[in-house]
Amino acid sequence: MAKKAKKAPAKKAGAKKVAKKAAPKKKVAKKAAPKKAAPKKAAKKAAPKKAAKPKVKRKPNAAFMKAMTPSAALAAVVGNKAMPRTEVVKNLWAYIKKHKLQDAKNRRMINADENLKKVFGGKGQVSMFDMTKLVSKHLS
């Protein structure tokens, strides 16, 4: 005798389908499989390296090294002999630091004394970036 197959129950009209929640699957740590060695590619020939350029010491710009004569107002601060622009700025900073003319709160600002007011065009305070622009007017 043959067994009879069970029939699925008939669905009722308008019945909602309820899904069963599947139990969460546990994560199992897999062991890392040993990596297989990649097949070796044909070795490419390395391009020949260019020779490094020898380092050359920079030459100073001739315009900066040209001796310039300071005006009478600037000579009172840096001296009256002719000197390059770089030396003028260096001596000007030495004067500023010696007389403590740099602003305490904003170090970029220079507080002018009587000698520097003549150089700065009557301004009482000048930024260090504007200072070199104003000083260049007193060099010839």
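Residues numbered from 1 in each chain as written. Predicted model: local features only at pLDDT ≥ 70, side-chain atom pairs only at ≥ 80, totals over all residues. Heavy atoms only, no water.

### Re the overall build of the protein chain
Selection rule: A run of DSSP states H or I qualifies as a helix once it reaches four residues; a run of E qualifies as a strand once it reaches two. Both are numbered from the N-terminal end. Three exposure classes are used, based on accessible area relative to the maximum for each residue type with a 1.4 Å probe and protein chains only: buried under 20%, partly exposed in between, and exposed over 50%. Residue contacts are counted whenever heavy atoms from the two residues lie within 4.5 Å of one another. Residue-level accessible areas treat just the shown protein chains as cover; the underlying method is Shrake-Rupley with a 1.4 Å probe.
When its secondary structure is counted, the protein chain shows 5 helices and 4 strands. Counted from the first residue to the last, the protein chain has its helices and strands arranged as α-β-α-β-α-β-α-β-α. Within the protein chain, the proportion of its 140 residues that are buried is 20%. Restricting the contact set of the protein chain to residue pairs at least 6 apart, pairs at least 24 apart contribute 29%. For the protein chain, the accessible area works out to roughly 13,600 Å², and carbon and sulfur atoms hold 58% of it.

### So, the nonpolar core
Spelled out, the test is: Throughout this description, the term nonpolar core refers to a set of buried Ala, Val, Leu, Ile, Met, Phe, Trp, Tyr and Cys residues connected via side-chain atoms within 4.5 Å.
In terms of nonpolar packing, the biggest core is built from 20 residues, with Leu92, Leu116, Phe120 and Met131 touching the most fellow members. Breaking this core down by element, the ones donating at least two residues are helix 2 (72–78), helix 3 (85–98), helix 4 (114–119) and helix 5 (128–136). Counting residues per element, this core draws most heavily on helix 3, at 4 residues. Setting aside its immediate chain neighbours within four residues, methionine 131 contacts Leu92, Trp93, Ile96, Ile110, Phe120 and Val126.

### Concerning unusual backbone geometry
Even without a glycine there, the phi angle at lysine 100 is positive, about 55 degrees. By the secondary structure assignment, lysine 100 is in the loop between helix 3 and strand 3 (109–111).

### A few points about helix 3
The cut-off we apply is this: Expected span of a helix, by definition, is 1.5 Å for each gap between consecutive residues, and there is one gap fewer than residues. Each direction from the helix axis to a C-beta atom contributes to the arc, which is the arc of those directions.
With 14 residues, helix 3 should reach 20 Å at 1.5 Å per residue; the first-to-last C-alpha distance of 20 Å fits that figure. Those residues of helix 3 lying buried are Val88, Leu92, Tyr95 and Ile96. Looking straight down helix 3, one finds its buried side chains confined to an arc of 100 degrees; they lie on one side. Projecting away from the buried face of helix 3 at angles above 90 degrees are the exposed residues Lys90, Lys97 and Lys98. Turning to helix 3, the residues buried within the fold contact helix 2, strand 2 (83–84), strand 3, helix 4 and helix 5. Positive phi shows up at lysine 100, right after helix 3, with a value of about 55 degrees.

### Brief notes about the side chain of histidine 138
Among the structural elements, histidine 138 can be located in the segment after helix 5. The buried category is assigned to histidine 138, whose relative accessible area is 18%. Discounting chain neighbours no more than four positions away, the residues touching histidine 138 are Thr69, Pro70, Ser71, Ala73, Leu74, Lys118 and Val119.

### Topic: the packing of helix 3 against helix 5
Using the following cut-off: Structural elements are reduced to axes, namely lines fitted to C-alpha atoms, with helices fitted over the stretch in contact, and the angle between N-to-C directions of any two is expressed from 0 to 180 degrees. Comment on the angle field: the value is read as roughly parallel under 35 degrees, roughly antiparallel over 145, roughly perpendicular from 65 to 115, and oblique elsewhere. Left-handed describes a crossing whose near helix is turned anticlockwise from the far helix by less than a right angle; the clockwise case is right-handed. As a working rule, the residues Ala, Val, Leu, Ile, Met, Phe, Trp, Tyr, Cys and Pro are called nonpolar, Asp, Glu, Lys and Arg charged, and the rest polar, with Gly in that last group.
The interhelical angle for the contact between helix 3 and helix 5, taken along N-to-C directions, is 125 degrees, at an axis separation of 11 Å. The pairing of helix 3 with helix 5 is recorded here as oblique in orientation. Relative to helix 5, the crossing made by helix 3 is right-handed. Within the contact between the two elements, helix 3 uses Arg85, Val88, Val89, Leu92, Trp93 and Ile96 and helix 5 uses Met128, Met131, Thr132, Val135 and Ser136. Within the contact of helix 3 with helix 5, the residues separate by chemical class into 8 nonpolar, 2 polar and 1 charged.

### A closer look at helix 5
Of all the positions in helix 5, only Met131, Leu134 and Val135 are classed as buried. Down the axis of helix 5, the buried side of the element spans an arc of 100 degrees, and every buried residue falls inside it.

Function cannot be read off these values alone, since they describe shape.
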